Amino acid sequence: MSIVIKGARPYGEGEPVDVLIEDGVIAAIGAVSVPEGAEVLDAKGQILLPGFVDLHTHLREPGREDTETVDTGSAAAALGGYTAVFAMANTDPVADNSLVTDHVWRRGQEVGLVDVHPVGAVTVGLKGEKLAELGTMAKGTAAVRVFSDDGVCVADPLLMRRALEYSTALDAVIAQHAEEPRLTVGAQAHEGEQASRLGYPGWPASAEESIVARDCLLALHANARLHVCHVSTAGTVDVLRWAKERGTKVSAEVTPHHLLLTDDRLETYDPVNKVNPPLRTGGDAEKLRAALAEGVVDCVATDHAPHAPQDKDTEWAAARPGMLGLQTALSVVVETMVKTGLLDWRGVARVMSERPAEVGNLAGHGRPIEAGEPANLTLVDPDAEWTVRGAELASIAANTPYEGMRLPGVVTATLLRGRITAREGKIC
């Protein structure tokens, strides 16, 4: 099977070139002849990037297929420019054994729109009491290499230390949801002026920062790989910089919503803005953007979290935390990082494809756009804009905080190993 992408600009650099794809691999770049029977994709000077990789997606299957499935989540991912996603373990049953992780892997292969890599739980049932079967999940069909109790913190320092030590033998990474639970009992919003004025119980920044500092020290002494999920505070950025300067094998992600949105959104008391960790201040968001550009924060991850109306459209305290993110991630990065000059398009490739693939041990993703490399690619119209409508997104749920917002940057095509999975806003 051959595809020719006509007139694309890899990384948004130079003059448009043609890209010949044969048998799922980039065969040639330049002025190429169109083979007989090849499909032609006219890029019209649009930007060609390596396919995006999301380290943090909630596909809700098994257990909550009323909010999302591997089918619908994969469709949202492909439409958002993703070629690989990591599905978090807080399903029902929990992905704390190879039966569940292998099932999620097989479902991803059946759907075939993106590579779905299951994340294994660190502890049995996400209860933080006993290590899960990390070795069995790593040796299973899914070959799990990322483990996380995301949604809850591995709060016990001894258990976290054991997980980090064990992970070194598996060439795996432990991804921590950094939240000291004793500091967030009853917390509903970032602890600060807004929460005090509006009557929300406060969620201190130190709840995140203290766990990140602790775990960086544990990882350093274990010579293990630690990944920090959804960094949200300026203080965490300082801790990460300190740890990296000392040689700690730590990586970190930031969500699109923590780059763009702030606790000013709490004025409306609309639960669509409720998320864990909570939206922080404008100063936090500014420092997160700078840290992402600098590389102190390694990558963007969506924390795509679909919720049913009965779990989200309720009073604030009862509402579940979380937001949709797969189809809006690129546009938010363009708005916050590209339009502001903090990142060029090669930088976008770094934070949305290359570094996430490295953290997740994905050999076939995040690769350079060069001959001989896998054709996992995303085509982007940088000049186009679109209006976000939750009801029109591919997810079953519609809980987007960007409802009605006009955002820049549109994914026009996504290719997984040379096969077009999404084109002009439609699944192929």
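Everything here concerns the structure above.
So, how was this worked out
Residues numbered from 1 in each chain as written. Predicted model: local features only at pLDDT ≥ 70, side-chain atom pairs only at ≥ 80, totals over all residues. Heavy atoms only, no water. Pairing = 2+ DSSP bridges. Helix = DSSP H or I, 4+ residues; strand = E, 2+ residues; numbered from the N terminus. Buried < 20%, exposed > 50% of the residue type's maximum accessible area, 1.4 Å probe, protein only. Contact = heavy atoms within 4.5 Å. 1 Å grid on protein atoms, 1.4 Å probe; cavity = no way out; pocket = protein on both sides within 12 Å on 5 of 7 lines; lining within 4 Å. Points joined across faces, edges and corners; volume = space filled by probe spheres on them. Nonpolar A, V, L, I, M, F, W, Y, C, P; charged D, E, K, R; others polar. Axes fitted to C-alpha atoms, helices over the stretch in contact; angles between N-to-C directions. Salt bridge = Lys/Arg side-chain N within 4 Å of Asp/Glu carboxyl O. Polar contact = N/O pair within 3.5 Å; in protein donor to acceptor, adjacent residues only side chain to side chain.

Caption draft 1: Representation of the pairing of strand β3 (residues 25-30) within the structure. Two elements, strand β2 (residues 17-22) and β3, share five bridges in a ladder whose sense is antiparallel. Bridging from a neighbouring strand, Leu 20 pairs with Ala 28 of β3. Between β2 and β3, which pair antiparallel in sequence order, lie two residues; one of them, Asp 23, sits at a positive phi of approximately 55°.

Caption draft 2: Structural context of helix α11 (residues 329-338). Counting buried residues in α11 gives nine out of ten residues, a clear majority hidden from the surface. Listed as buried for α11 are Ala 329, Leu 330, Ser 331, Val 332, Val 333, Val 334, Thr 336, Met 337 and Val 338.

Caption draft 3: Molecular detail of the environment of Val 124. Mapped onto the elements, Val 124 comes out in the loop between β8 (115-118) and α3 (134-139). What makes Val 124 partly exposed here is its relative accessible area of 37%. Placed 71 residues apart in sequence, Val 124 and Val 53 show a C-alpha to C-alpha distance of 27 Å. Here Val 124 is in contact with Asp 96, Lys 130, Leu 131 and Ala 132, once residues within four sequence places are set aside.

Caption draft 4: Examining the layout of surface pockets more closely. One number sums up the size of the largest pocket: a volume of about 750 Å³. In terms of lining, the largest pocket is formed by 37 residues, of which the most central are Asn 90, Gly 151, Asn 276, Arg 320 and Pro 321. In the lining of the largest pocket, the residues fall into 14 nonpolar, 14 polar and nine charged. Considering only enclosed or pocket space, the second largest pocket measures out at about 430 Å³ in volume. Along the walls of the second largest pocket sit 25 residues, with Leu 79, Gln 327, Trp 386, Val 410 and Gly 425 positioned nearest its centre. At the level of secondary structure, the elements contributing two or more residues to the lining of the second largest pocket comprise α1 (70-79), α11, β16 (377-387), β17 (406-416) and β18 (419-423). Among the elements that line the lining of the second largest pocket, the one with the most residues is β17, at six residues. Of the residues contributing to the lining of the second largest pocket, the split by class is twelve nonpolar, nine polar and four charged.

Caption draft 5: Spotlight on the sheet that holds strand β7 (residues 82-87). Strand order in the open sheet formed by three strands is β6-β7-β8, with parallel pairing between adjacent strands. The strands lining the two open edges of the sheet, one partner per strand, are β6 (52-57) and β8. Between one strand and the next, the sheet's axes are offset by a mean angle of 20°, whatever the strand orientation. The pairing of β7 with β8 spans four bridges and is parallel. In the strand pairing of β8, Ala 84 is matched with Asp 115. Together, β6 and β7 form the strand contacts of helix α12 (residues 345-359), whose direction differs from that of β6 by roughly 55°.

Caption draft 6: Main features of the pattern of salt bridges. Enumeration over the complete set of coordinates arrives at 25 salt bridges. For Asp 71, the salt bridge goes to Arg 107, with nearest N and O atoms at 2.3 Å. With Asp 71 in helix α1 and Arg 107 in helix α2 (residues 98-111), this residue pair connects regions lying 36 residues apart in the sequence. Across the pair Glu 403 and Arg 389 runs a salt bridge whose closest N-O atoms are separated by 3.9 Å. Of the two residues, Glu 403 is situated in the loop between β16 and β17 and Arg 389 in the loop between β16 and β17; the sequence distance between them amounts to 14 residues. By relative accessible area, which is 42% here, Glu 403 ends up partly exposed. On the basis of relative accessible area, Arg 389 is assigned to the partly exposed category, the value being 39%. Each of the salt bridges in this network shares a partner with another, and the network as a whole consists of Glu 61, Asp 71, Arg 107 and Glu 110.

Caption draft 7: Examining the environment of Ala 155 more closely. With respect to the secondary-structure elements, Ala 155 resides in the loop between β9 (146-148) and α4 (157-168). A relative accessible area of 26% places Ala 155 in the partly exposed class. When the C-alpha positions of Ala 155 and Asp 381 are compared, they lie 43 Å apart, and in sequence the two are 226 residues distant. In contact with Ala 155, not counting residues within four places along its chain, are Pro 181 and Arg 214.

Caption draft 8: Region of interest: the side chain of Ser 353. Mapped onto the elements, Ser 353 comes out in helix α12. By relative accessible area, Ser 353 is classed as buried at 0%. Polar contacts involving the side chain of Ser 353 include one to the main-chain carbonyl oxygen of Gly 51, which spans 2.8 Å. Sequence-distant contacts of Ser 353, defined by excluding residues within four places in its chain, comprise Pro 50, Gly 51, Phe 52, Val 53, Val 348 and Gly 366.

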